[in-house]
Amino acid sequence: MATTIRELAHHALTLPQALPLDCGTVLDDVVVAYEAYGTLSPARDNAILLCHALTMDQYVASSHPMTGKPGWWERVVGPGLTIDTDRYFVICANVLGSCMGSTGPASIDAATGAPYAMRFPVVTIADMVRAQMALVDALGIEQLHAVVGGSMGGMQALSLAAHYPERVGRALIIASAARHSAQNIAFHEVGRQAIMADPDWQGGDYYASGRVPTKGLSVARMAAHITYLSEAGLTAKFGRRLQDRDVKTFGFDADFQIESYLRHQGISFVDRFDANSYLYITRAMDYFDLAEPYEGRLAEAFRGSPVRFGLISFDSDWLYPTAESRRIVQALHAAGAEASFVELSSPFGHDAFLLDSPELWQLIGGFIGAIR
Amino acid sequence: MTPLRSDLALIAREVPAGARVLDVGCGDGALLAALRDGRGADARGLEIDAANVAAAMAQGLAVVQGDADRDLADYPSDSFDIAILSQTLQTTYRPDRVIGELLRIAPRAFVSFPNFAHWRVRWSLMWNGRMPVTRELPVSWYETPNIHHLTVRDFKGFVAERHLAIDGAWYLAGGQAIGAAGANWRAEQAVFALRRG
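### Things to note about the nonpolar core
Side chains of a nonpolar character, in soluble globular proteins, are inclined to be buried together.
Next up, step 1: Membership of the largest hydrophobic core comes to 116 residues, with the highest contact counts inside it found for A:F302, A:F309, B:L72 and B:F155.
Next up, step 2: The biggest single contributor to this core is helix 2 (residues 125-138) of chain A, with eight residues.
Next up, step 3: The residues touching A:F309, leaving out its near neighbours within four places in the chain, are A:L158, A:A161, A:A171, A:I173, A:F302, A:L332, A:A337, A:E338, A:A339, A:S340 and A:F367.
Next up, step 4: One finds A:Y88, A:I174, A:L363 and B:A43 within the second-largest nonpolar core, a separate group that totals 58 residues.

Structure follows, in structure tokens:
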């Protein structure tokens, strides 16, 4: 399965220069796979960089080459839509460490001729952003009109605005945070331990073995998926309803609809995602804390920033709760940066930013389209 | 564009061009938009209602969802030239602290509020013995957001007590400016320009 992932053809750029990483390593021949929509204006001032979440990819508005499913924001990005590709040049790149064409643990290490596996350096959110900015450079774009992202994409958008304030006009951060909380790290650790406990993981060197840690990755996905939903949402969608049966089996089959649903989420995930990428990307999120270099004073990361910031949270999102967005807003105020913030109401938890929400879309459209 | 509410139009005229302005309780951002477009102001807002914030954000205004009683503490001192509190003072839990915060965040503030000593209000209380429902106070006692009613005289007393300075005062009735004489009887709304004392 992981082999199939590696063999897909993606639109990609090999970075002309080595990429320095936060861990101190320098990575050569980094590939950044990306999708682009719309046309770059002659003034090169209409580019929007979309940053994807943990398990997503660059196929934001086009069918996924493996699953055939529509893009994750296909209702948002396109001609005449909220992020109008008749007007904007929209770029979405697969993050460094992922498995949809960009360099990651499944890529071949030129030094050994074998996949990096766990020899891949631990990357950070800032490293992912650095790789994307190298792509932006290669496309000849000096300043992005906007950077937009939800969840881990929001972390990248924040990081980009903090590290490259002169290179982006506005940053929209949806259902995200300036640091990963202890609870979020804890859930990630459960997922990683599930992967590493799978005998098929083989210390990460499973690529040539014909065995991949599908069970571990699937359990990791199941645990994570719960965190993307809300109790109210789960109750409304599944309640205690049984799956294709009238009575309990007094066994450990998926009696309940929610069990069946989670198992399906787990199984379908392993077909499209590399287990080692899951380890690396969750680690990058865990390491994310924009205030760390400033001894916890987040405002220092945005001091004098000319970027216009927009933040949106959802009231039922307990993974990236409103308090995290408020913390960013407080820091932006203290830094004198321009900020907008609203908490939207939704029963769907963290996943709300990916679901059909005209209220959210109107906000996105207004924020990125407004004249300064 | 719908014309600005009369107290907002008055405040908009008084704000100098290019000022950094914080509108506390900015609603859907009507004043912010007027200040941005007409005055070239760096105008930002704080608003409690999510639908209002969304409407303002969709117009490209910098508005943060929050509560004047709690969230003004997040703004650094002197981060704005002017703070505005229009028709919001009487809805706050601690109006005295909110005004203190306004004049910490900015050296000058505009505050507008409905005058509870207007003769219609007095009449209603006097003759009907009931809480008034008037043009400026259109909601019954049990659902009004106004929890700290005040009068022009109350406000002036508060300002004196706190040693704040009044740079200007304007009075409105029926949306029109009226003179200061007998304002505590005649004004439906009052607008004060305050300065740190």
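### As for the interface of chain A and chain B
Next up, step 1: The interface of chain A with chain B comprises 23 residues on the first partner and 20 residues on the second.
Next up, step 2: Where chain A abuts chain B, roughly 1600 Å² becomes buried across the two surfaces, and 56% of that area is made up of carbon and sulfur atoms.
Next up, step 3: Summed over the shared surface of chain A and chain B, the result is one salt bridge.
Next up, step 4: For the pair chain A and chain B, the interface holds ten residue pairs in polar contact (both at pLDDT 80 or more).
Next up, step 5: Those elements giving two or more residues to the side of chain A that touches chain B turn out to be strand 13 (308-314), helix 9 (322-335), strand 14 (338-344) and helix 10 (358-369) of chain A.

### Some thoughts on helix 9 of chain A
Next up, step 1: Taking 1.5 Å of rise per residue, 14 residues should cover 20 Å, and helix 9 of chain A covers 20 Å from first to last C-alpha, within 8% of that figure.
Next up, step 2: Judged by how many residues are buried, helix 9 of chain A sits mostly within the fold: ten of 14 residues are covered.
Next up, step 3: By the burial criterion, the buried members of helix 9 of chain A are A:T322, A:E324, A:S325, A:R327, A:I328, A:V329, A:A331, A:L332, A:H333 and A:A335.
Next up, step 4: Its buried side turned inward, helix 9 of chain A meets helix 3 (152-163), strand 13 and strand 14 of chain A together with strand 3 (62-65) of chain B.

### So, the packing of aromatic side chains
Next up, step 1: One pass over the full model with this rule turns up 18 aromatic pairs over all chains.
Next up, step 2: An aromatic cluster is built from B:F113, B:F155, B:Y171 and B:F192, whose rings are joined through pairwise contacts.
Next up, step 3: Directly above the aromatic system of A:F269 lies the positively charged group of A:R221, at a separation of 4.5 Å from the ring centroid.
Next up, step 4: Over the ring of B:W185 we find B:R122; its NZ or CZ atom is 3.9 Å from the centre of that ring.

### Brief notes about the pairing of strand 14 of chain A
Residues and elements named next belong to chain A.
Next up, step 1: Of all seven residues making up strand 14, six are buried, and the element is well covered by its neighbours.
Next up, step 2: Bridge analysis of strand 13 against strand 14 gives seven bridges, and the strand direction is parallel. Opposite R308, over in strand 14, you have E338 as the bridge partner.
Next up, step 3: Considered for its hand, the β-α-β crossover made up of strand 13, helix 9 and strand 14 is right-handed.

### Description of the pattern of salt bridges
Next up, step 1: The tally for this structure, following the rule as stated, stands at 29 salt bridges over all chains.
Next up, step 2: Two residues, A:R211 and A:D200, come together in a salt bridge whose shortest N-O distance is 2.6 Å. Of the two residues, A:R211 sits in the loop between helix 4 (182-197) and helix 5 (214-228) while A:D200 sits in the loop between helix 4 and helix 5, which places them eleven residues apart along the sequence.
Next up, step 3: A:R211 sits in the partly exposed class, given a relative accessible area of 39%.
Next up, step 4: Exposure remark for A:D200: the relative accessible area of 22% places this residue in the partly exposed category.
Next up, step 5: For B:D96, the salt bridge identified is with B:R162, shortest N-O distance 3.6 Å.

Basis of the calculations
Residues numbered from 1 in each chain as written. Chains lettered and ligands numbered in written order. Predicted model: local features only at pLDDT ≥ 70, side-chain atom pairs only at ≥ 80, totals over all residues. Heavy atoms only, no water. Core = buried A, V, L, I, M, F, W, Y, C linked by side-chain atoms within 4.5 Å. Buried < 20%, exposed > 50% of the residue type's maximum accessible area, 1.4 Å probe, protein only. Helix = DSSP H or I, 4+ residues; strand = E, 2+ residues; numbered from the N terminus. Contact = heavy atoms within 4.5 Å. Buried area = accessible area lost by both parts, 1.4 Å probe. Salt bridge = Lys/Arg side-chain N within 4 Å of Asp/Glu carboxyl O. Polar contact = N/O pair within 3.5 Å; in protein donor to acceptor, adjacent residues only side chain to side chain. Expected span 1.5 Å × (residues − 1). Phe/Tyr/Trp six-rings, centres within 6.5 Å; stacked < 30°, edge-to-face > 60°. Lys NZ or Arg CZ within 6 Å of the ring centre and 35° of its normal. Pairing = 2+ DSSP bridges. Right-handed = clockwise from strand over helix to strand, strands pointing away.

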